[in-house]
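What the coordinates show
Chain by chain, the residues run as shown.
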Amino acid sequence: MTVLPQNTKKRSFIEARWTAEDTANLYGLRDWGKGYFGISPSGHVTCMPAQDPTRAIDLFEVVEGLRERGVHTPVLLRFDDLLEQRLRELRTAFDQAITDNEYSGKYTCVYPVKVNQQRHLCEQIRDLNLKFGFGLEAGSKPELLAVLALTAGHNHMPIVCNGFKDSEFIETVILATKLGRNILTVVEKYSELELIIEHSRRYNVRPQIGVRAKLSARGAGRWETSGGLRSKFGLTMADIVQASERLREVEMLDCLKMIHCHLGSQVYDIRNFKHAVTELAYIYAELRRLGASCDTIDIGGGLGVDYDGSQSAWDSSINYTIAEYAADVVYRIKNVCDDAKVPHANIVSESGRFIAAHSSVLICNVLGRTRFDVKPDVKKIRTELEALEPEKQPQPVFDLVDAYERITDRNLVDVYHDAIQARDEAMSLFSLGYMSLPMRAHCEVLFWSIGREILERSMRIGELAEEFEGLPVLLSDIYFCNFSVFQSAPDSWAIDQLFPISPIHRLDEQPTRVGVLADITCDSDGKIERFVDKREEKKILELHDLKEGEPYYLGIFLVGAYQEVLGDLHNLFGDTHVVHVRFEEDGTWSIDEIVAGDTVAEVLGYVQFDADQLLRTLRRDVERAVKTGRLEAGDSKALMAFYEDGMQGYTYLE
Ligand SMILES: Cc1ncc(COP(=O)(O)O)c(C=O)c1O
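Notes on the environment of Ser104
Looking at where Ser104 falls in the secondary structure, it is placed in the loop between helix H4 (80-100) and strand S5 (107-112). On a C-alpha basis, the gap between Ser104 and Ile363 in space is 45 Å, while along the polypeptide they are 259 residues apart.

Focus: the packing of helix H14 (residues 378-386) against helix H15 (residues 395-405)
At their nearest, the axes of H14 and H15 sit 11 Å apart, and the two run at 155° to each other. Judged on the interaxial angle alone, H15 and H14 are roughly antiparallel. The handedness of the crossing between H14 and H15 is left-handed. Note on element contacts: H15 touches H14 through Val397, Phe398, Val401, Tyr404 and Glu405, opposite Val378, Ile381, Arg382 and Leu385. Looking at the contact of H14 with H15 residue by residue, the class counts come to 7 nonpolar, no polar and 2 charged.

A short note on the nonpolar core
If you look at the biggest cluster of nonpolar residues, it comprises 156 residues, and the most contacted ones within it are Leu59, Leu77, Ile259, Leu280, Tyr284, Ile333 and Ile363. If near-sequence neighbours (up to four positions away) are discounted, Leu77 is found in contact with Leu59, Val62, Ser360, Val361, Ile363, Val579 and Val581. Residues Val397, Val415, Met435 and Ile450 belong to the second largest nonpolar core, which totals 21 residues.

What to know about the site of the ligand
By nearness alone, 15 residues border the ligand, and Ser265, Gly301, Glu350, Gly352 and Arg353 come closest of all. In the shell around the ligand, the residues fall into 4 nonpolar, 9 polar and 2 charged.

Brief notes about the sheet that holds strand S3 (residues 57-58)
Strand order in the open sheet made by the 3 strands is S1-S2-S3, with antiparallel pairing throughout. Pairing within the sheet leaves two strands with one partner each, and these edge strands are strand S1 (37-39) and S3. Pairing of strand S2 (residues 45-47) with S3 involves 2 bridges; the strand directions are antiparallel. Looking across to S3, one finds that Thr46 is bridged to Asp58.

Description of the sheet that holds strand S9 (residues 208-212)
In space, the 8 strands of this closed barrel follow the order S5-S6-S7-S8-S9-S10-S11-S12, with parallel pairing throughout. Adjacent strand axes in the sheet meet at a mean angle of 25°, parallel and antiparallel pairs treated alike. Lying on the sheet, helix H8 (residues 167-179) is in contact with strand S7 (158-161) and strand S8 (182-187); it crosses S8 at an angle near 150°.

Describing the pairing of S7
Side chains Pro158 and Val160 of S7 all project onto a buried face; the interleaved residues Ile159 and Cys161 project onto the opposite face, where all are buried too. As defined by bridge partners, strand S6 (residues 135-138) adjoins S7 across 3 bridges and the pair is classed as parallel. Across the sheet, Leu136 pairs through a bridge with Ile159, a residue of S7. Crossover connection from S6 via helix H7 (residues 141-150) to parallel S7: handedness right-handed. For the segment spanning S7, H8 and S8, crossover handedness is right-handed.

A closer look at the packing of H4 against helix H12 (residues 322-340)
Packing of H4 against H12 brings their axes to within 8 Å, and their N-to-C directions diverge by 40°. Looking at the two axes, H4 sits oblique to H12. For the pair H4 and H12, the crossing hand works out as right-handed. Residues Glu89, Leu90, Ala93, Phe94, Gln96, Ala97, Ile98 and Asp100 of H4 form the contact with H12, whose own contacting residues are Ile322, Ala323, Ala326, Ala327 and Val330. In the contact of H4 with H12, the residues fall into 10 nonpolar, 1 polar and 2 charged.

Here's the deal with helix H9 (residues 190-203)
Helix length check: H9, at 14 residues, gives a terminal C-alpha distance of 21 Å against a target of 20 Å (1.5 Å per residue), a fit within 8%. Listed as buried for H9 are Glu192, Leu193, Leu195, Ile196, His199 and Ser200. The buried residues of H9 occupy an angular sector of 165° when projected down its axis, which confines them to one face. Exposed side of H9, more than 90 degrees from the buried face: Ser191, Arg201 and Arg202 are the residues found there. Buried-residue contacts for H9 involve H8, S8, S9 and helix H10 (237-249). At the C-terminal side of H9, Asn204 shows a positive phi close to 55°.

Details of the environment of Asn482
As for its placement among the helices and strands, Asn482 is situated in the loop between strand S14 (477-481) and helix H19 (485-488). Using a count of 22 C-beta atoms within 10 Å as the deciding quantity, one classes Asn482 as buried.

Describing the environment of Val336
Mapped onto the elements, Val336 comes out in helix H12. Not counting chain neighbours up to four residues away, the residues in contact with Val336 comprise Thr278, Ala281, Tyr282 and Ala285.

Rules and cut-offs
Residues numbered from 1 in each chain as written. Predicted model: local features only at pLDDT ≥ 70, side-chain atom pairs only at ≥ 80, totals over all residues. Helix = DSSP H or I, 4+ residues; strand = E, 2+ residues; numbered from the N terminus. Axes fitted to C-alpha atoms, helices over the stretch in contact; angles between N-to-C directions. Parallel < 35°, antiparallel > 145°, perpendicular 65-115°, else oblique. Left-handed = near helix turned anticlockwise from the far one by under 90°. Contact = placed C-beta atoms within 7 Å. Nonpolar A, V, L, I, M, F, W, Y, C, P; charged D, E, K, R; others polar. Core = buried A, V, L, I, M, F, W, Y, C linked by C-beta atoms within 7 Å. Buried ≥ 20, exposed ≤ 12 C-beta atoms within 10 Å, placed from the backbone. Near = placed C-beta within 6 Å. Pairing = 2+ DSSP bridges. Right-handed = clockwise from strand over helix to strand, strands pointing away. Expected span 1.5 Å × (residues − 1). Arc of directions from axis to C-beta.

Shown next as structure tokens:
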């Protein structure tokens, strides 16, 4: 008995065979994949870093290849070429907009390292800076220290410093300026300005200063409050005027180079950018009028990702393309600059999510599943009921059997209501001690079966009554997956963010099950119960039946931005293995680097357990057990070997 996948169009006999393309549609792969992800004829998901179908990396092959090398799922695949392609897209979009608008300012993106601070990724962006002219953004002291060392030998690379800054932070920036770094610090609170003035004088440095403005324009979506007049960061217009007067007073007005804003991440509506950019451009023009030699407008981050592929103004999507975004930004700034007769400003963006999201995919294996479609053995139930003394025979079980046996296409609602009532009565009887566990078990099985029968009949009839809308979810399977939501997709748990999920193989087979995903943490929150869909999100995902002895791999896509760093150690599941996959010119893929995930000893170390100490303690206990005869010597050896191995092993199930 199976539940038909959602969204499966009724197929005529002439259409016949299910194809990989049908599955691609089911998962919306072409929509959110944006040409970076596709399907091979053999039904495997492919990654096409350059959006070129003739140059594709087969994810299933990569995972199987890794397995042969002893690297097991869960594993995070990072496609370095895809990261490079995103940088290229951004560069190209702005270059095009600048040419189309005959704009005389330059464009630079500073990658905000907080989006994904992993060294390999930051180094790659650093190494590509000559090609694309990008820089880095640091939002905290540790990030600043990392960025200063990363840019050694790359003095021309722009560095923008955001976030709260204390005296030490600002002193470091001033000294870095002296060192020759192209570094600019953004004033987020008025008090930071005085620290900049103080340290610049002390070290005799002309710093580059930016000010973050509290705009009246706001972002759109979850991070909307990052912008607006009540935002946490930024200077009010009164502060900005006062700051420019103060800088004039200390003869540093020429150091005020940049005006900055950040509307919040994942801005889904292009109109919000249009308003903000126009407002920011007017502030720039006014600062020029006040005598500042400001030459740059930093429009912050917020450039979004179409996670659900719907291209709409919706939390998980965006209603614009990168080309539209660049064109609007350049066009708006140009118009204001031309009207105000000030030079076209250089444009900086701090686009993080856009750059990093697509380049990482988490692959996990399914460990097993729970099904809710056991068929009741009515004859056996009746026999068991009749064996009880008449006053101990629970009426709700009879009622459920009766409901189950009298279902027809015409009485679905009626039967369902009776079944719910009988189930509720059964639960009350059990809670009061009047029903045995086997009888309760029969009730559950009968209830699921009634639900399933109703659902299947409704689907055949072609309509689902309102009462039954919850049934597909209620009856769906639970697939247990070898990963931790908290570690690898924390935003799915914390802020209900949607990530596209799809099996990475068997796509040429029609999925015959539907289910939700549960991770291996012992927390009931460790689940994914919302999935991307083109119109509305869906609560269950179409999945394949598991085959005995064969792995089933799922990919969680677009997790390159924020997830790795926000992930936590819940239940002490640590970082997964990270594998950098590169595309070779001859059409093959190769593994560039394998960064091993945390070992058990490492995660225990994070919570101040010392692995050696633990080992010594257990060894003493085991020895005592051998001495007192509780444990045989051979068993003690096995236990200690298991323990030592476990300490050095992966935190996930292998
Ligand atoms: C100041 C600043 N700049 C840039 C970003 C990056 O934003 P996004 O990843 O949405 O491009 C953020 C993150 O919210 C931010 O706070």
